[in-house]
Structures are given as C-alpha cells and as structure tokens.
Amino acid sequence: DGTITGAVYHGEREHMDFVGKVYGQFAFFNPLHASLHPATRQMDAEVVAMVLRMYRGPAGSCGAFTTGGTESILMAMKTYRDWGSATRGVREPNIVIPLTAHAAFDKAGHYFGIEVRHARCTFPEQAVDVAHVRSLIDSNTVALVGSAPQFATGTIDPIEELAELAEARGIGLHVDCCLGGFVVPFMAAAGSPPPHGFDFTVRGVTTISCDPHKYGFAPKGASVLMFRSKELRHHMYTFATEWTGGIYATPTMLGSRPGGVVAATWAAMMRYGEAGYVESTAQIVGATRRIAEAIPTIGGLELVGRADACVVAFGAKQGSGLNCYSVADCLKEIGGWELATLQNPAAVHLAVTLPTAKNATRFVDELRAAVATVRSEPEKYKGGSAGLYGMASS
C-alpha cells in the first residue's frame, strides 16, 4: 500500500511475477562468458543503450551494467582516479562532492585512496553551494559531483553551474541519478520539467549513474554507469595480463555477474516502455508535489530541501516544540508509515513510489493526525527514533 519509503517501487503482483519468471529463466547465466550466453550479453548491451538514449548520450557515449548505484559510483570514482593518474600525473587525487551526496562517494574515497572534500549546501533548499565547490578545487582535483536528485531531501543540484566549473578546470563531473534515474528523464514529457539540466546535453557532464532497479521497476542489482566517451570508460577497466590463468580483464568490480538480473531488467524496460515511464513519472511527481504543498500547512512542520522529483523531506520548525523523529514514530503507529530518518539537519523523508502515489492524500491526513497526537502526548514520544538520533549527535 506504499507506506514504506522507497524500497518497493512498483508493487503490483502481475509485474513482479513477470519479472521474476524471466529472472528464473536466466538465473544460471553469466554475462562474463559471452560465447556461452550471447543472449544475456546482448540484453546487457541493449539495457545500456536504452539508458544512454534516455540521457541523450552523444555519438561515442557508452556505459556498463553494474549491480547497483553504489557499484556505479565506486567505478566512476575509480575511473577518475586512474584518468587523473594517466593523463595528469595526479598521485594524491581528490573529489569535491556536496555534503548531501550519497555516502557511496565517501566509500569510494576509502576504497580507492581518494580524498573526499565536502562542499556546503544552502538551507533550506539543500542545493550545493557552487562558490564553495570552486574554493575546494586544486590541481589534484579529478572530479566534481552533483545529484539529480539527492537521496536525502530530493533537491536537484545546479548541474549546469557545476558542469561549467568542471569544464573550465578540465576535470570530470559525475551526475548521480541513481534514485531518480527513471523519473527525471521523463519529467518534461510528463508535464513537470526538472529545474536543472542533468544529462549529456549539458556540456561538462562526463559520467552519469542511473538505477533501473528503482523507478525502472527492475529487480534489485541493476544499475548503469554512463560515460561521455569510450576513452574515459577505458580507465574503469582492470587488467591482469600476467596471471597464470590467462589474461584477466573486467569492466566493473565483479567478475561473474548474475544473468537473471540482466535479463529481468531488459524485460522490465521492454514491458514498460517510454510511454509507461512517462505515465508512472506523472503519478509519482504529481503525488510528491501534492505532499510537498501540504506540509507547510501543517502547524509546526517545514519542508527541508525541494521536492524536485520523487522525494519529499520535512522537519520541525524552530520553536515549534515538535521533534520530527517523534512525528515519524507516531505516523508509523497510526498508519504503518516507514519514513527515512535524516540528520544535519534533523528531518525525515518519504521517497514516493507508485504504491505511495495512490495514497498521497492518506499520507497527508495521517501526518496531520500524527502531529496532533505528538502535541497531545509529548511524553509518549520522547524515545524511539528521536532518542536514537539524540544519542548519535550528543
């Protein structure tokens, strides 16, 4: 019934049964062995090609199928590290990311020895401060990052400004579209164009990550990392030419990969098609906007970030006497709603899915009821999520 933030993006049994059946038919296929499983390799290539078309990839653009947004982000950052070393002799690379960027970028820094510099964001919009980004760039910077949208608050960063800056400094720009990957490209056709550019038509954008396993309604374990050029993609690869088992080369982090995910992703995209994604985007963005418009009318609450696409985040107004985590706990009791808890600033969010879109009015009504209940029973809601984050920040 859509009461869980994200996680279950489609939910209809017929679609899930169809995708699951295709998955099972290819469960023991391995794209690593292209000669044994040519159909799987073909579907892999077609998924990448379809996603590149969504993001208006230019001639020479290319990509890779990965197991999720985290792997796509890891491989993009590995690419920039190796590109910086090979083309500019950078030995101590750094990347500049918004404070709101996904934690996978910090993970990439830990994995690959890349310094991660965090640029502050504006409040309450939570858009990255481009002037601060500029001040953090130096001769060892290999890439900038922007989100479209951010996971936490749903804001789409000013990608055009970041791209202009990246191009002027001769460095890469990665656009993280993992969450909204099958929403943002269809927003204009659905009647709600995004506030900023996000795809390869923006000069200076060099890589983009997109997850079919979210709003593309594919099974978990499906993401695509796109590159503006084959030359840049070359730096993603790993080669072991002297191995006793022969020459070993892989494009992404994994060697063997599950063919079932590839086939089921291809099937989900073919089943839905462009028209289907435009329709689902219209429902999801419409519901997100309706919820976002209602939140400021609920006494004591305020939006955090902008509900630019498919995520709406909110917190308690200063001086309201409310704790947003307590409201979330109460909302779960009232209607079973599972919201994501955020911090810095304190907030909660709802990633609106197709099932959620059908219950947007119910969400607003029960949110009003939760605020009223917390105000009438403040002692009851001092623990739970509110207490947990209180300890984490103390």
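Quick notes on the rules
Each chain has its residues counted from 1, running along the sequence as written. Where totals are concerned, whole chains, interfaces and linings use all residues; where local detail is concerned, this predicted model gives features only for residues with pLDDT of at least 70, and gives and counts side-chain atom pairs only at 80 or more. Hydrogens are left out, water is left out, and the side-chain values use all remaining heavy atoms of the structure. Strands are runs of DSSP state E lasting at least 2 residues, helices are runs of H or I lasting at least 4, and numbering of each runs from the N terminus. Put simply, the radius of gyration uses C-alpha atoms, and a globule should come to 2.2 Å times the residue count raised to 0.38. Note on exposure labels: buried denotes an accessible area under 20% of the residue type's maximum, exposed denotes more than 50%, and partly exposed covers the range between, all computed with a 1.4 Å probe on protein chains only. The criterion used for residue contact is that any of the two residues' heavy atoms lie within 4.5 Å. Here the accessible surface of atoms and residues is derived via Shrake-Rupley with a 1.4 Å probe, and residues count as covered only by protein chains that are part of the display. Multiply 1.5 Å by the residue count of a helix minus one, and that product is the helix's expected span. By the criterion applied in these results, polar contacts are pairs of N or O atoms within 3.5 Å in which, for protein atoms, one can donate a hydrogen and the other can accept it, and in which residues neighboring in sequence qualify only through two side-chain atoms. Here, a salt bridge means any side-chain nitrogen of Lys or Arg that lies within 4 Å of a carboxyl oxygen of Asp or Glu. Only strands joined by at least two bridges in the DSSP assignment are considered to pair. To get an axis, a line is fitted to the C-alpha atoms, and for a helix only the part in contact is used. The angle between two axes follows their N-to-C directions and goes from 0 to 180 degrees.

Draft legend 1. View of the overall build of the protein. Of regular secondary structure, the protein possesses 12 helices and 13 strands. Relative to the globule expectation of 21 Å for 394 residues, the C-alpha radius of gyration of the protein, 22 Å, shows essentially globular dimensions. The principal-axis extents of the C-alpha atoms in the protein amount to approximately 70 × 50 × 40 Å. Burial statistics for the protein: of 394 residues in total, 56% are counted as buried. Sequence-distant contacts in the protein: of pairs separated by 6 or more residues, those separated by 24 or more amount to 72%. Surface accessibility of the protein: about 16400 Å² in total, with carbon and sulfur atoms responsible for 54%.

Draft legend 2. Just helix H3 (residues 69-88), in detail. Relative to the 28 Å expected for 20 residues at 1.5 Å per residue, H3 spans 28 Å between its end C-alpha atoms, a close match to the ideal helical length. Note on H3: the residue one or two positions beyond its end, Gly89, has a positive phi of about 70 degrees.

Draft legend 3. Looking closely at the environment of Asp1. When you line up the elements, Asp1 lands in the segment before helix H1 (13-25). Note: C-alpha distance between Asp1 and Pro355 (354 residues apart in sequence) is 5.5 Å. Setting aside residues up to four positions removed in sequence, Asp1 forms contacts with Pro355, Asn359 and Arg362. Engagement of the side chain of Asp1 in a polar contact is seen with the side chain of Thr3, the distance being 3.1 Å. Within the local environment of Asp1, its side chain forms a polar contact with the side chain of Arg362, the two groups lying 3.5 Å apart.

Draft legend 4. Summary view of the pattern of salt bridges. Across all of its chains, the model carries 19 salt bridges by this definition. Measuring nitrogen to oxygen at the nearest pair gives 2.9 Å for the salt bridge that ties Arg81 to Asp82. Between Glu115 and Arg117 there is a salt bridge; the shortest N-O distance is 3.1 Å. On the basis of relative accessibility, which here comes to 40%, the residue Glu115 falls in the partly exposed class.

Draft legend 5. Examining the sheet that holds strand E11 (residues 311-316) more closely. Across the sheet, which stays open at both edges, the 4 strands sit in the order E10-E11-E13-E12 with antiparallel pairing between neighbours. Two strands in the sheet have a free side with no partner beyond their single neighbour: strand E10 (301-303) and strand E12 (340-342). Going from strand to strand, the sheet's axes swing by 35 degrees on average, the running direction of each strand aside. With 3 bridges joining them, E10 and E11 adopt antiparallel strand pairing. Following the sheet pairing, Glu302 is matched in E11 by Gly315. This element, helix H8 (residues 259-294), spans E10, E11 and strand E13 (347-351) of the sheet and lies at about 15 degrees to E11.

Draft legend 6. Region of interest: the environment of Ser135. When you line up the elements, Ser135 lands in helix H5 (residues 130-136). Along the primary structure Ser135 and Pro378 are separated by 243 residues, whereas in three dimensions their C-alpha atoms are 45 Å apart. Here the side chain of Ser135 touches His132 through a polar contact of 2.7 Å, landing on its backbone oxygen.

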